[in-house]
Each structure stands twice: as C-alpha cells, then as structure tokens.
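# Chain and residue survey
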Amino acid sequence: MIAIGSDHGGFALKEEIKKHLDQRQIPYEDFGAYSTDSVDYPLIAQKTCAAIVSGKCEKGILCCGTGIGISMAANKIKGIRAALCADYYSAKYTRLHNDANVICMGGRTIGPGLALELVDVFLATPFEGGRHARRVEQLAKLEEE
Ligand code: RB5
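Residues numbered from 1 in each chain as written. Predicted model: local features only at pLDDT ≥ 70, side-chain atom pairs only at ≥ 80, totals over all residues. Heavy atoms only, no water.

## What to know about the packing of aromatic side chains
All chains considered together, the criterion is met by 1 aromatic pair. Geometrically, the ring pair formed by Tyr-89 and Tyr-93 is stacked, given 4.2 Å between the ring centres and 15 degrees between the ring planes. With Tyr-89 and Tyr-93 both in helix H4 (residues 88-96), this residue pair falls 4 residues apart, about one helical turn. (Phe/Tyr/Trp six-rings, centres within 6.5 Å; stacked < 30°, edge-to-face > 60°. Helix = DSSP H or I, 4+ residues; strand = E, 2+ residues; numbered from the N terminus.)

## A closer look at the site of the ligand
In the neighbourhood of the ligand, the contacting residues comprise Asp-7, His-8, Tyr-41, Cys-64, Gly-65, Thr-66, Gly-69 and Arg-108. Contact between the ligand and Gly-65: an oxygen atom at 2.7 Å from a main-chain N or O atom of the residue. Contact between the ligand and Thr-66: an oxygen atom at 3.0 Å from a main-chain N or O atom of the residue. Considered on its own, the ligand offers 290 Å² of accessible surface; in the complex 71% of this is hidden by protein. (Near = heavy atom within 4 Å. Polar contact = N/O pair within 3.5 Å; in protein donor to acceptor, adjacent residues only side chain to side chain. Areas by Shrake-Rupley, 256 points an atom, 1.4 Å probe, with all protein chains shown as cover.)

## Thoughts on the environment of Phe-11
Within the secondary structure layout, Phe-11 lies in helix H1 (residues 11-23). It is 6.3 Å that separates the C-alpha atoms of Phe-11 and Thr-36, two residues lying 25 residues apart in sequence. Other than its neighbours up to four places away in sequence, Phe-11 contacts Ser-6, Ala-33, Tyr-34, Ser-35 and Thr-36. (Contact = heavy atoms within 4.5 Å.)

## Topic: the packing of H1 against helix H5 (residues 112-124)
Where H1 contacts H5, the two axes come as close as 10 Å, and the packing angle between them is 55 degrees. In this view, H1 runs oblique relative to H5, as classed from their interaxial angle. Seen along the crossing, H1 lies across H5 with a hand that is right-handed. Only Pro-112, Ala-115, Leu-116, Val-119, Asp-120 and Leu-123 of H5 make contact with H1, whose side of the interface consists of Leu-13, Glu-16, Ile-17, His-20 and Leu-21. (Axes fitted to C-alpha atoms, helices over the stretch in contact; angles between N-to-C directions. Parallel < 35°, antiparallel > 145°, perpendicular 65-115°, else oblique. Left-handed = near helix turned anticlockwise from the far one by under 90°.)

## Some points on the side chain of Thr-125
Locating Thr-125 in the fold gives a position in the loop between H5 and helix H6 (131-142). Looking at Thr-125, its side chain comes within polar contact range of the main-chain oxygen of Val-121, at 2.6 Å. Excluding anything up to four places from it in sequence, Thr-125 contacts Lys-92, Arg-95 and Leu-96.

## Examining the pattern of salt bridges
Scanning the entire structure with this criterion turns up 10 salt bridges. The salt bridge involving Lys-14 is made with Asp-30; its shortest N-O contact spans 2.9 Å. Taken together, the residues span a long stretch of sequence, with Lys-14 in helix H1 and Asp-30 in strand S2 (residues 28-30) at a distance of 16 residues. By the burial criterion, Lys-14 is buried, and Asp-30 matches it. Residue Lys-19 is joined to Glu-16 by a salt bridge in which the shortest nitrogen-to-oxygen separation is 3.3 Å. In this pair, Lys-19 and Glu-16 are both assigned in helix H1, 3 residues apart and thus about one turn of the helix distant. Residue Lys-19 is classed as partly exposed on the basis of its relative accessible area, which comes to 47%. (Salt bridge = Lys/Arg side-chain N within 4 Å of Asp/Glu carboxyl O. Buried < 20%, exposed > 50% of the residue type's maximum accessible area, 1.4 Å probe, protein only.)

The following block contains the structure:
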C-alpha cells in the first residue's frame, strides 16, 4: 500500500499520479488534499507519513508546489527518509543508497510525464544495503539526538 498526499500546490500532480497508480493496479491511500483549496503542507505530511511509520503503508508520495516544504515536514518525522526528486537518477539512487521511504515532487516545478517516471523507478528499485545500511542506521541515530 502506498500513502499519497499533497497540499493545494501539488494537488493536480497528485491526481495524475493516482490515475497512474490505478492503471498499474497499485493500491494507495490518499491523505488529501481533496481539492485545490489552500491547505497547510506540514499537516498533510504528518498524516501521510503516520501511515508509513505505523506500517500500514510501505512507501509514500508527497507533492506540494516545489516539493520542498512537504519534504522538510516529512523529514522531521521519526522513521521517515523523504527525498525531493526532480531527476531520474536521484529517484533511483535514493532507493538504492538512502532507502528513502517517501518521494517528494513539486507540482509547479516538474510535469506529470517526468513525475510518473520518477514514481515508477522509486517504487521499483530496492535498497542496496551493504555499506549503505550503516549510513541509514547513522541517519536513524541522528533522530535520537
Ligand atoms: C503553497 O503556496 C506553497 O508554498 C507550497 O505548495 C510549497 O511549495 C511549499 O514548499
């Protein structure tokens, strides 16, 4: 199960991504926004990421206008490794090397064509482990400080 969320700035992109997930028969839960009405991205990040931290969803997709605010919010939540991506290489390597569990994108900065490619590679790529596992563990330790 994928957790998906956006504010008003990422709403249109989130809807495109949901159509794509439907076509690929990938189950998801939508944590809002449910319209283009203004909504605060930290609250959406909090709700969406709670579903990942609880284990209900294994990965998340978050969108705001730039992807920046919602990624900042997501990365404040313990257990979340959110990556703001606007290129294919980053979306792939944040899975391989960072074991990112959330991809963030900007609805006002990238188009749906690229965003769907990023979603596909993010969801398909496994964590490489090895020396990267040590670094991910070090990230978790930073949360304790
Ligand atoms: C909302 O106008 C906008 O600030 C938000 O979507 C996002 O870009 C923040 O980082």
